[in-house]
Amino acid sequence: MTNRVYLMTFLLMLALAALAPAQTFTVLYNFTGGPDGWGPYAGLIQDPSGDLYGTTSLGGDSNCTPGYGYGCGVVFKLDTAGTETVLHTFSGSPDGTNPVAPVIRDKAGNIYGTSSYGGSSSNGTVFKIDTAGNYTVLYSFTGKSDGCYPWQGLVRGKAGDLYGTTSSCGSSGYGTIFEVDSGGSFTLLHSFTGRSSDGAYPYYGHLTMDKTGNLYGVTAGGGASSNGVVYELRKNRTFRVLHSFAGGTSDGCAPSGSVLQDKTGNFYGTTEYCGSSKDGIIWEVTKTGKENILHNFAGGSSDGCNPAAGVTRESKGNLYGVTYGCGANAYGALYELSAGGTLSLLYSFGGADSSSAPIGEVLRTAKGTLFGTALTPSPPCCEDTYGTVWSYVP
């Protein structure tokens, strides 16, 4: 009788395993380095029909200025069949060049973003692509008090105004936080000073806005130990540091990417370096400013290292993200951090699919499918490849 029970249990487990969906990593698109683009740094957004939108930092027009023969980047759409459409090819001045940030999309289907360089003064732009495909530079940075080199994307307020950051320039040279309205009028909201009570150099991802219009983000430098900060800019323009990273082995340093806020007001993100193994951390900062280190990346083949992207969170509290280093092939990893604090590598980049070095944040759909990009730098990993768009089905 006991043997029969064991046999029945074993057969049931086999049946359940057969019914369970396979975990599948799929390259949806391989960039060729030509007019279609090259080198996607940023993550993706998705419209209601399932089409994906993003940017590449190179490719497009090889004769653009100053493209140095590599192109100045594109804005692209990838439909559900895997067909790419280039929505805009950057040309230099008075256009933009080299976007490294994600785009956003309003309900009408208009697309907004930033280019890290180019524009009328070669210091970067804020742009719009309308539903007819018309491209408009809403604002060109001058490289003075307004800032320069916007490496982060935008967030859109309820009134349609756009909010973002620049990585450099401003009154102290450490970057700015700005607002641009629908007509292109610019408002300086904050200039980073790099001091102990401020930040310096925001990179990658985008700002986060809460329901009341307060803005949240990270900077790679500044703060009490010059290792970066998590900050809040209130709607009344009051700036405060929520957490200063201490660096060393007890904390992270050099945070970049977006800040994620949960329903209770707590914040989540990553740092690129420091922590117990000096390979970066995943952190939580409460709304009162208390930090909890959720994971210290250990590097090697069974863990990731050096995340430049923030995290995505689902309703059960599990976090998802990418690192651009380490993993089984040493070219980055897609990971899940459970609500209980266990990190699992879902996929290691740099294998037969020729995807490597993911920099942009992961997009997670309501059904649990993950989408992202991989930068795919120079050999030896992935010769003659120029970046990918990928999906992962749990």
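All values derive from a computational prediction rather than experimental measurement.

1. Notes on the side chain of Asn-214
Mapped onto the elements of the fold, Asn-214 is located in the loop between β17 (208–209) and β18 (215–219). Judged by its relative accessible area of 5%, Asn-214 is buried. Reaching out from Asn-214, the side chain makes a polar contact with the side chain of Thr-212 at a distance of 3.0 Å. Only 2.9 Å separates the side chain of Asn-214 from the backbone nitrogen of Lys-235, close enough to count as a polar contact. Excluding its chain neighbours within four sequence positions, the residues that come into contact with Asn-214 are Thr-208, Met-209, Leu-233, Arg-234 and Lys-235.

2. Quick word on the sheet that holds strand β13 (residues 162–166)
Within the open sheet, the 4 strands sit side by side as β12-β13-β14-β15. Their pairing is antiparallel. In the strand order of this sheet, the two ends are held by β12 (155–156) and β15 (186–191), each with one partner. In this structure, β13 lies alongside strand β14 (residues 176–180), joined through 5 bridges in antiparallel fashion. The residue bridging Thr-165 from the neighbouring strand is Ile-177, located in β14.

3. Looking at the nonpolar core
Ranked by size, the top nonpolar core spans 12 residues in total: Phe-25, Ala-309, Tyr-320, Val-322, Leu-334, Tyr-347, Phe-349, Val-362, Leu-370, Ala-374, Trp-390 and Tyr-392. Of all elements in the fold, only β29 (319–323), β34 (370–374) and β35 (388–393) reach the threshold of two or more residues within this core.

4. Examining the packing of aromatic side chains
The tally for this structure, following the rule as stated, stands at 29 aromatic pairs. An angle of 0° between the planes, with centres 3.7 Å apart, marks the rings of Phe-25 and Tyr-347 as stacked. One end of the pair, Phe-25, is in strand β1 (residues 24–30); the other, Tyr-347, is in strand β32 (residues 343–348), with 322 residues separating them in the sequence. The burial state of Phe-25 is the same as that of Tyr-347; both residues are buried. Centroid distance Trp-151 to Tyr-204: 5.6 Å. Interplanar angle 55°. Geometry classified as tilted. Taken together, the residues span a long stretch of sequence, with Trp-151 in the loop between β11 (135–140) and β12 and Tyr-204 in the loop between β16 (199–200) and β17 at a distance of 53 residues. Three or more aromatic residues joined by ring pairs form one cluster here, namely Tyr-41, Trp-151, Tyr-174, Tyr-201, Tyr-203 and Tyr-204.

5. So, the sheet that holds strand β28 (residues 312–313)
The strand order across the open sheet built from 4 strands is β28-β29-β31-β32, with neighbouring strands paired in antiparallel fashion. Since the sheet does not close on itself, it has two edges, and those belong to β28 and β32, each with one partner. By the bridge criterion, 5 bridges tie strand β31 (residues 333–337) to β32 in an arrangement that is antiparallel. Note that in β32 the partner of Leu-337 across the bridge is Leu-343.

6. A word on the state of the cysteines
Applying the stated rule across the entire model yields 4 disulfides. Each sulfur in the disulfide pair Cys-64 and Cys-72 lies 2.0 Å from the other. Judged by the sign of its S-S torsion, about 95°, the bond between Cys-64 and Cys-72 is right-handed. The same class applies to Cys-64 as to Cys-72, namely buried. Between the sulfur atoms of Cys-305 and its disulfide mate Cys-326 the distance is 2.1 Å. Of note, the bridge from Cys-305 to Cys-326 carries an S-S torsion of about 90° and is right-handed in sense. On the criterion of sequence distance, the pair formed by Cys-305 in strand β27 (residues 304–305) and Cys-326 in strand β30 (residues 325–326) is long-range, its members being 21 residues apart. A residue is classified by how much of its surface remains accessible, and Cys-305, at 5% relative accessible area, is buried.

Thresholds, definitions, all that
- Residue numbering note: each chain is counted from 1, following its sequence as written.
- Selection of residues for local features in this predicted model requires a pLDDT of at least 70, selection of side-chain atom pairs for listing and counting requires 80 or more, and totals for whole chains, interfaces and linings are taken over all residues.
- Computation of side-chain values covers all heavy atoms of the structure but excludes hydrogens and water.
- What counts as a helix is a DSSP run of H or I of at least four residues, what counts as a strand is a run of E of at least two, and both are numbered from the N terminus.
- Burial status follows relative accessibility: with a 1.4 Å probe on protein chains alone, a residue under 20% of its type maximum counts as buried, one over 50% as exposed, and anything between as partly exposed.
- We call two N or O atoms a polar contact when they sit within 3.5 Å, provided that within protein one can donate a hydrogen and the other can accept it, with sequence-adjacent residues counted only if both atoms are side-chain atoms.
- By the convention used here, residues are in contact when the closest approach between their heavy atoms is within 4.5 Å.
- The pairing criterion is simple: DSSP has to find at least two bridges between the two strands.
- Throughout, nonpolar core names a set of buried Ala, Val, Leu, Ile, Met, Phe, Trp, Tyr and Cys residues whose side chains join them through atoms within 4.5 Å.
- Two rings from Phe, Tyr or Trp (for Trp, the six-membered ring) form a pair when their centres are within 6.5 Å of each other. A pair whose planes differ by under 30 degrees is stacked, one over 60 is edge-to-face, and the rest are tilted.
- Cysteine sulfur atoms are paired as a disulfide whenever they fall within 2.5 Å.

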